Number of protein chains: 2
Amino acid sequence: MDNATSVQPAPVLETHLGYWLRLVSNHISGEFARALQEQGLSVAEWVALNQIGRGTALTPANLADAMGMTRGAISKVLDKLQLKGWISRATSPEDSRVQLLAPTRQGKRALPELTTIADGNDEHFFGALSATERATLRKLLKKLADIHQMHNIPAE
Amino acid sequence: MDNATSVQPAPVLETHLGYWLRLVSNHISGEFARALQEQGLSVAEWVALNQIGRGTALTPANLADAMGMTRGAISKVLDKLQLKGWISRATSPEDSRVQLLAPTRQGKRALPELTTIADGNDEHFFGALSATERATLRKLLKKLADIHQMHNIPAE
DNA sequence: TATTGTTATACTCTATAACTATA
DNA sequence: TATAGTTATAGAGTATAACAATA
């Protein structure tokens, strides 16, 4: 017997918009994380690689701020990306405390494939909405992000 | 210097609706989780207590299915709720393998306070939208949940 | 044999704090 | 002294698998 559909959420839960947001977001993010995992990658690693892949000279401190994570945590994420041979760390000539992050040739080559996964995930889940509905959803989410000053790049 | 606003997400990230959904959802859920944490409660515990608090005879297996977690994980969540004195476990008279979950008097008394926290969180974040916008957002999220058959109660 | 629930174990992720090197 | 980055340690959360009791 599958009880998943027979047990409904308590009424109070469903009344919250936050409930629906979390339901949908966790489902979509979870599926995306699973797809990345097949490539041996976490969401945080994917976000970091994307940032570094832009070519902009980034430092671990920049990344930590942008992703809302501690420097210690970022350090480990970078270790994994470096172990995969996708990024390099180089001491800044201007300030030798600073590490400059850059994608390797391999890293640059890997990014398009990963982007395809992200595109596919988005298309799979939001393709069911019309262009107008997608635009509306984007507008509402952006509005919430703007009003509440959400500018960390989510990596959970 | 605060780099959080100076480091922008790579363009490819922003194009995904999933990005905005994750940004907003993680922010709101994170704030809610923090508020619950002040009461010494995790989101999973709160969801479980809500389900049990309905009064419907629930079992750990029901909860595991409903919340998309393993029975082992649910068992630990229930341990914590029981330790707080908010739920009771009783062997079912019909099948002594089954444990029937029920809220204690204390648990029933705690729920309204916790609901107030959830209400406040929702109001804080979505109050910035008009009633029409909230209705639209709810409709779109429900549509996505419906189309993709998302019926687990999110507890991350 | 199959099922319910618990426990044992391990793993991932992240934070806190100590530490090194440089400024 | 302050800052960038790393490392050491610990904690939360969850899954997998082994287990005991019951059907």
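Residues numbered from 1 in each chain as written. Chains lettered and ligands numbered in written order. Predicted model: local features only at pLDDT ≥ 70, side-chain atom pairs only at ≥ 80, totals over all residues. Heavy atoms only, no water.

Asker: Residue-level account of the overall build of chain A, with values.
Answerer: Secondary structure summary: chain A contains seven helices and two strands in total. In chain A, the order of α-helices and β-strands from amino to carboxyl end is α-α-α-α-α-β-β-α-α. Over its C-alpha trace chain A gives a radius of gyration of 19 Å, far above what one expects of a compact globule, namely 15 Å for 156 residues. By its C-alpha atoms, chain A is 60 × 35 × 30 Å across when sized along the principal axes. Partitioning the intrachain contacts of chain A with sequence separation of at least 6 by distance along the chain shows that 51% fall at a separation of at least 24. (Helix = DSSP H or I, 4+ residues; strand = E, 2+ residues; numbered from the N terminus. Rg over C-alpha atoms; globule rule 2.2 N^0.38 Å. Contact = heavy atoms within 4.5 Å.)

Asker: A description of the protein's contact with DNA strand C should follow, citing residues and the corresponding values.
Answerer: Near DNA strand C lie 23 residues; those nearest to it are A:Ser96, A:Arg97, B:Ala61, B:Ser75 and B:Arg89. Protein-proximal atoms of DNA strand C, defined as those within 4 Å of the protein, fall in sugar or phosphate at a share of 76%. In the environment of DNA strand C, a phosphate oxygen lies 2.9 Å from a nitrogen or oxygen atom belonging to the backbone of B:Ala61. One nitrogen or oxygen atom from the side chain of B:Arg97 is found 3.1 Å from a base oxygen belonging to DNA strand C. (Near = heavy atom within 4 Å. Polar contact = N/O pair within 3.5 Å; in protein donor to acceptor, adjacent residues only side chain to side chain.)

Asker: Can you break down the relation of the copies chain B and chain A residue by residue, with the values?
Answerer: Rotating chain B by 180° about the axis while translating it 0.0 Å along that axis superimposes it on chain A, leaving an RMSD of 0.1 Å. What we have between these two chains is a two-fold relation. (Least-squares fit on C-alpha atoms with pLDDT ≥ 70 in both.)

Asker: How would you sum up the packing of aromatic side chains? Please name residues and give values.
Answerer: Any aromatic ring pair is given by two values, namely how distant the centres are and how the planes are angled relative to each other. Residue and element names in this part refer to chain A. Tallied over the full model, the rule gives four aromatic pairs over all chains. With a centroid separation of 4.9 Å and 80° between ring planes, the pair formed by Phe-32 and Trp-46 is classed as edge-to-face. Of this pair, Phe-32 sits in helix α2 (residues 17-37) while Trp-46 sits in helix α3 (residues 43-53), and the two are 14 residues apart along the sequence. (Phe/Tyr/Trp six-rings, centres within 6.5 Å; stacked < 30°, edge-to-face > 60°.)

Asker: Any chance you could break down helix α6 (residues 105-126) of chain A for me, citing the residues and the numbers?
Answerer: The terminal C-alpha atoms of α6(A), which comprises 22 residues, lie 32 Å apart, in line with the 32 Å expected from a rise of 1.5 Å per residue. Considering bend angle alone, the principal kink of α6(A) is centred on A:Leu111 and spans about 25°; proline A:Pro112 follows within four residues of it. (Expected span 1.5 Å × (residues − 1). Bend = angle between axes of the 7 residues up to and from the residue.)

Asker: Lay out the protein's contact with DNA strand D with the relevant residues and their values.
Answerer: In the vicinity of DNA strand D there are 23 residues, among which A:Pro60, A:Ala61, A:Ser75, A:Arg89 and B:Ser96 approach most closely. Among the atoms of DNA strand D lying within 4 Å of the protein, the sugar-phosphate backbone contributes 76%. Contacts to DNA strand D include B:Thr70, whose side-chain N or O atom sits 3.1 Å from a phosphate oxygen. Here a sugar or linking oxygen of DNA strand D and a side-chain polar atom of B:Ser96 are 2.5 Å apart. Contributions of two or more residues to the surface near DNA strand D are made by α4 (60-67) and α5 (71-83) of chain A together with α5 (71-83) of chain B. At five residues, α5(A) tops the list of elements feeding residues into the surface near DNA strand D. Here the residues of the surface near DNA strand D are counted per class, giving six nonpolar, eight polar and nine charged. (Nonpolar A, V, L, I, M, F, W, Y, C, P; charged D, E, K, R; others polar.)

Asker: Give me the pattern of salt bridges: which residues, what numbers.
Answerer: A side chain with one charge can pair with a side chain of the opposite charge if their charged atoms come near. All names here are of chain B. A complete count under the given rule lists 10 salt bridges over all chains for this structure. We note a salt bridge from Lys-84 to Glu-45, for which the minimum N-O separation is 2.6 Å. Placement of the pair is Lys-84 in the loop between α5 and β1 (87-91) and Glu-45 in helix α3 (residues 43-53), with a sequence separation of 39 residues. On the accessibility criterion, Lys-84 (28% relative accessible area) is partly exposed. (Salt bridge = Lys/Arg side-chain N within 4 Å of Asp/Glu carboxyl O. Buried < 20%, exposed > 50% of the residue type's maximum accessible area, 1.4 Å probe, protein only.)

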